[in-house]
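A look at the structure
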Amino acid sequence: MSVCPQGHLDGAYVLGALAPDERLDFERHLAECPACSAAVRDLAGLPGLLAQVSADVVETAPEPE
């Protein structure tokens, strides 16, 4: 099984973290790549789940000393 060179962009795409030009390129790629399309489908519910997490539950990074 070969690994798609754009496979690392699936999470950033789903979370809306790609720049507009990167997003457009990845959307074009999705039309041709079954592996990335499946990965995006698998992650599609993530933004909704993250939105349910209360801010008081999220740990903040410790302050540097």
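Just above sits the structure.
None of these values were measured; they are calculated from a predicted model.

Section: the overall build of the chain
Broken down by element type, the chain carries four helices and zero strands. Reading the chain from its N terminus to its C terminus gives the helix and strand order α-α-α-α. In terms of C-alpha radius of gyration, the chain reaches 15 Å, well past the compact-globule figure of 11 Å for 65 residues. Principal axes of the C-alpha set define a box for the chain whose edges measure 45 × 30 × 30 Å. Here the chain holds 65 residues, and the buried ones make up 22% of them. For the chain, contacts bridging at least 24 residues in sequence account for 49% of all contacts bridging at least 6.

Description of the environment of Leu18
Looking at the secondary structure, you find Leu18 in the loop between helix H1 (10-14) and helix H2 (20-30). For Leu18, a relative accessible area of 12% corresponds to the buried category. Residues contacting Leu18, with those up to four places away along its chain left out, are Leu9, Ala12, Tyr13, Arg23 and Phe26.

Description of the packing of aromatic side chains
Tallying each qualifying case throughout the model produces one aromatic pair. Taken together, a centroid distance of 5.2 Å and an interplanar angle of 55° make the contact between Tyr13 and Phe26 tilted. Here Phe26 lies in helix H2 and Tyr13 lies in helix H1, a separation of 13 residues in the sequence. One exposure class covers both Tyr13 and Phe26, and it is buried.

A few points about the pattern of salt bridges
The final tally for this structure, using the stated rule, is two salt bridges. Residues Arg28 and Asp25 are paired through a salt bridge, measuring 3.7 Å at the closest nitrogen-oxygen approach. Highlighted residues: Arg28 and Asp25, both in helix H2, separated by three residues, approximately one helical turn. You can call Asp25 partly exposed: its relative accessible area is 45%.

Some points on the nonpolar core
Membership of the largest hydrophobic core is limited to ten residues, which are Cys4, Leu9, Tyr13, Val14, Leu18, Phe26, Leu30, Cys33, Cys36 and Val40. Going through the elements one at a time, H1, H2 and helix H3 (34-43) are the ones with two or more residues in this core. Contacts of Leu9, omitting those with residues within four sequence positions, involve Leu18 and Phe26.

Conventions and cut-offs
Residues numbered from 1 in each chain as written. Predicted model: local features only at pLDDT ≥ 70, side-chain atom pairs only at ≥ 80, totals over all residues. Heavy atoms only, no water. Helix = DSSP H or I, 4+ residues; strand = E, 2+ residues; numbered from the N terminus. Rg over C-alpha atoms; globule rule 2.2 N^0.38 Å. Buried < 20%, exposed > 50% of the residue type's maximum accessible area, 1.4 Å probe, protein only. Contact = heavy atoms within 4.5 Å. Phe/Tyr/Trp six-rings, centres within 6.5 Å; stacked < 30°, edge-to-face > 60°. Salt bridge = Lys/Arg side-chain N within 4 Å of Asp/Glu carboxyl O. Core = buried A, V, L, I, M, F, W, Y, C linked by side-chain atoms within 4.5 Å.

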